[in-house]
Each structure stands twice: as structure tokens, then as C-alpha cells.
Amino acid sequence: MDEKSVTSYFKDIVTRFMNEIAIMSELKVHPNIVGCEDYRVEPHAGEIGWDILIRMELLKPLKRHINGLMTEKEAICLATDICKALAFCQKKGLIHRDVKPDNVFVDAMGNYKLGDFGVARTAEKTMGGMSKQGTENYMAPEVYLGRPYGASVDLYSLGLMLYRLMNRNRMPFL
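Residues numbered from 1 in each chain as written. Predicted model: local features only at pLDDT ≥ 70, side-chain atom pairs only at ≥ 80, totals over all residues. Heavy atoms only, no water.

(A) Layout of the environment of Asn167. Tracing the backbone shows Asn167 in the segment after α6 (152-166). Sequence spacing of Asn167 and Met70 is 97 residues, and the spatial spacing of their C-alpha atoms is 8.9 Å. (Helix = DSSP H or I, 4+ residues; strand = E, 2+ residues; numbered from the N terminus.)

In C-alpha cells form, the structure reads like this:
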């Protein structure tokens, strides 16, 4: 690739990160969505590249919080908190498309928060079907098959995640 193509390729990646940051900045008012405090993009001097610095609230990854199986009470709290986050996203016209344990975090008060909006899309952009985005193990069939879908795909993913967390790390469709 020539320098112009490489620059264009990496600039596109930076733009996608900036879109995710913009989404998270808009959603940070919700108590069950990871808050993005501020960010900075610094281009490398004399070479192709950028450093993207993001300051977010300090949270613990879900996997480190639960250390194995979840109790029924923890699962109910997680489901309630993430459903609140997804309802807020739906009001904003967003579909997360990658609800999974790696994208759930816990604050110091024990509240569950949804993060990583890297593959989120506005609902109107998904109506005609889109490329497979997300994690296959948590993907709703309509997303996997490239069919039109709505916000219900996030609830499907949440259900699969809860199943796994309550069943010794097993997925339902083995």
C-alpha cells in the first residue's frame, strides 16, 4: 500500500473510535452505562499514526467481580441494570449489538454498567440488514443471518449471557 492508502486506512479506524467516544459521551448520563469523561487524539509527529487517550470512570470487569458462578440475586441485579441501560439506548435509537460479559462492568457500589459501544448502530441503519457485527456466541439469529433486526437482538444477547453466567460457563446451544 502507498502512504496515502495507509493514512486513509488508519484515519478510518480513528474515525470509528471517535464515533464510539461520541456515543459514550452522549450516553454517560445514564447510571448503567460506562461514563466517558474526556478524550484526546494526538497525531504522531512525522509518521502515520495517532494515540487515542480516553479517560473513563474506574470500574471492575464483570469477570473479576463474580469469580465464577453468579448467585441468583446477582443475576437479577445484572439483568435489571443492563435492561435499564438497553432501554435508555433504545430511547436514543441505538442498538448495542455486542452485549456479552466482556462488555459489562461493575462500579464500587455494585451497579452493573454496559460499555464498549464500538459496534453500536442507530436503529434506522439496521433495518435493511447489516454485516455481522458483534460476538458470534452472543449474536441473535437475525444478526448472524444478515436479516433486518431491531433492539430485541440486545435482549437475546443478554439472555444468552445470563444463561452462561448461571450455568457453569456453558452456552445453551452446544
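(B) Up close: the state of the cysteines. Applying the stated criterion across every chain yields a total of 0 disulfides. Not engaged in a disulfide, the cysteine Cys77 finds its nearest cysteine sulfur in Cys83; these two sulfurs lie 12 Å apart. No disulfide involves Cys83; its nearest neighbouring cysteine sulfur is the one of Cys89, lying 12 Å away. (Disulfide = S-S within 2.5 Å.)

(C) Broad picture of the packing of helix α3 (residues 72-91) against α6. Interhelical geometry of α3 versus α6 gives an angle of 165 degrees and a closest axis separation of 11 Å. As judged from the angle between their axes, α3 and α6 are roughly antiparallel. In this structure, α3 meets α6 at a crossing whose hand is right-handed. Contacts between α3 and α6 involve Glu72, Ala75, Leu78, Ala79, Ile82, Cys83 and Leu86 on the former and, on the latter, Asp154, Leu155, Leu158, Met161, Leu162, Leu165 and Met166. A per-class count over the contact of α3 with α6 returns 12 nonpolar, no polar and 2 charged. (Axes fitted to C-alpha atoms, helices over the stretch in contact; angles between N-to-C directions. Parallel < 35°, antiparallel > 145°, perpendicular 65-115°, else oblique. Left-handed = near helix turned anticlockwise from the far one by under 90°. Contact = heavy atoms within 4.5 Å. Nonpolar A, V, L, I, M, F, W, Y, C, P; charged D, E, K, R; others polar.)

(D) Main features of the sheet that holds strand β3 (residues 60-61). Strands sit in the order β3-β5-β6 across an open sheet of 3 strands; the sheet is antiparallel. Every interior strand has two partners, whereas the edge strands, β3 and β6 (112-114), have only one. Two strands pair when backbone bridges link them, and β3 and strand β5 (residues 104-106) are joined in this way by 2 bridges, in the antiparallel orientation. Within β5, the residue paired with Pro61 across the bridge is Phe105. α3 contacts β5 and β6 of the sheet and is inclined by roughly 35 degrees relative to β6. (Pairing = 2+ DSSP bridges.)

(E) View of the pairing of strand β2 (residues 50-56). Alignment of strand β1 (residues 36-43) against β2, held across 7 bridges, turns out to be antiparallel. Looking at the pairing, Pro43 lines up with Trp50 of β2.

(F) Inspection of the pattern of salt bridges at higher detail. On inspection of all chains with the given rule, the structure shows 7 salt bridges. Of the charged contacts, one joins Asp38 and Arg55 as a salt bridge, the two residues approaching to 3.0 Å between their closest N and O atoms. Taken together, the residues span a long stretch of sequence, with Asp38 in strand β1 and Arg55 in strand β2 at a distance of 17 residues. For Asp38, a relative accessible area of 34% gives the class partly exposed. Given the relative accessible area of 49%, Arg55 is considered partly exposed. The partner of Asp102 in a salt bridge is Lys63, with the nearest N and O atoms 2.9 Å apart. Separated by 39 residues along the polypeptide, Asp102 in the loop between β4 (94-95) and β5 and Lys63 in helix α2 (residues 62-66) bring together distant segments of the chain. The partly exposed category is assigned to Asp102, whose relative accessible area is 43%. Residue classification places Lys63 among the exposed residues on the basis of a relative accessible area of 51%. (Salt bridge = Lys/Arg side-chain N within 4 Å of Asp/Glu carboxyl O. Buried < 20%, exposed > 50% of the residue type's maximum accessible area, 1.4 Å probe, protein only.)

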